[in-house]
Amino acid sequence: MNDKMLQRYLETSVYTDVGPYRDFVLSLPDDIASIGMLVCDQITHPSMYFTKVSPYLEENYYGKFSSYPKRRFKNEDELYITAVAMIAGILRLDNAGFTKNRDVTKRITVSCRHASVLFSAILKAKGIPCRSRAGFMDFGDAGESYMEH
């Protein structure tokens, strides 16, 4: 990858700029895998409200979601469209910061494209070139349907 391309992938937008949370973001882990898991621990994907409980998903990504009351369903995609908004929302729900295995009732509920924006914003703030991608993908049903991802 040439220097011009690397520089392009370090640039932020209104979505991926961390603004007043720069120092907070810089205090997070530096390795990509740890950042990814930490982001997963701060959010719940809206589909989890309607997904059969899976020990694998609960243990690795979403926490003990089986205990979350379905009556509290919310999709906050339109509320948290920027990294700054997502970080503010996460800290409002629990000012302990980005914590491992955050209680599911103290997570924001956003789709994977929003998680990608948050993840990319953190990486860019740490000087790691990246980009977010969104689109549609076939989740293993031989192309019969594509879901937003």
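Whatever comes next refers back to the structure up there.
Everything numeric here is computed off the predicted structure, so don't read it as measured data.

Caption draft 1: Summary view of the nonpolar core. In terms of nonpolar packing, the biggest core is built from 24 residues, with Phe98, Ile108, Leu118 and Ile122 touching the most fellow members. For this core, the element with the highest residue contribution is helix H6 (residues 112-125), accounting for seven residues. Discounting residues that sit within four places of it in the chain, Leu118 has contacts with Val39, Ala83, Met86, Ile87, Ile90 and Phe98.

Caption draft 2: Local environment of the pattern of salt bridges. Summed over all chains, the structure comprises four salt bridges. Here Arg8 ties to Glu11 by a salt bridge, and the two come within 3.2 Å at their closest N and O atoms. Since its relative accessible area comes to 52%, Arg8 is described here as exposed. Residue Lys126 is joined to Asp30 by a salt bridge in which the shortest nitrogen-to-oxygen separation is 2.7 Å. Within this pair, whereas Lys126 is found in the loop between H6 and strand E3 (136-137), its partner Asp30 is found in the loop between helix H2 (22-26) and helix H3 (32-40), the two being separated by 96 residues in sequence. Taking relative accessible area as the criterion, Lys126 reaches 17% and is therefore assigned buried.

Analysis parameters
Residues numbered from 1 in each chain as written. Predicted model: local features only at pLDDT ≥ 70, side-chain atom pairs only at ≥ 80, totals over all residues. Heavy atoms only, no water. Core = buried A, V, L, I, M, F, W, Y, C linked by side-chain atoms within 4.5 Å. Buried < 20%, exposed > 50% of the residue type's maximum accessible area, 1.4 Å probe, protein only. Helix = DSSP H or I, 4+ residues; strand = E, 2+ residues; numbered from the N terminus. Contact = heavy atoms within 4.5 Å. Salt bridge = Lys/Arg side-chain N within 4 Å of Asp/Glu carboxyl O.

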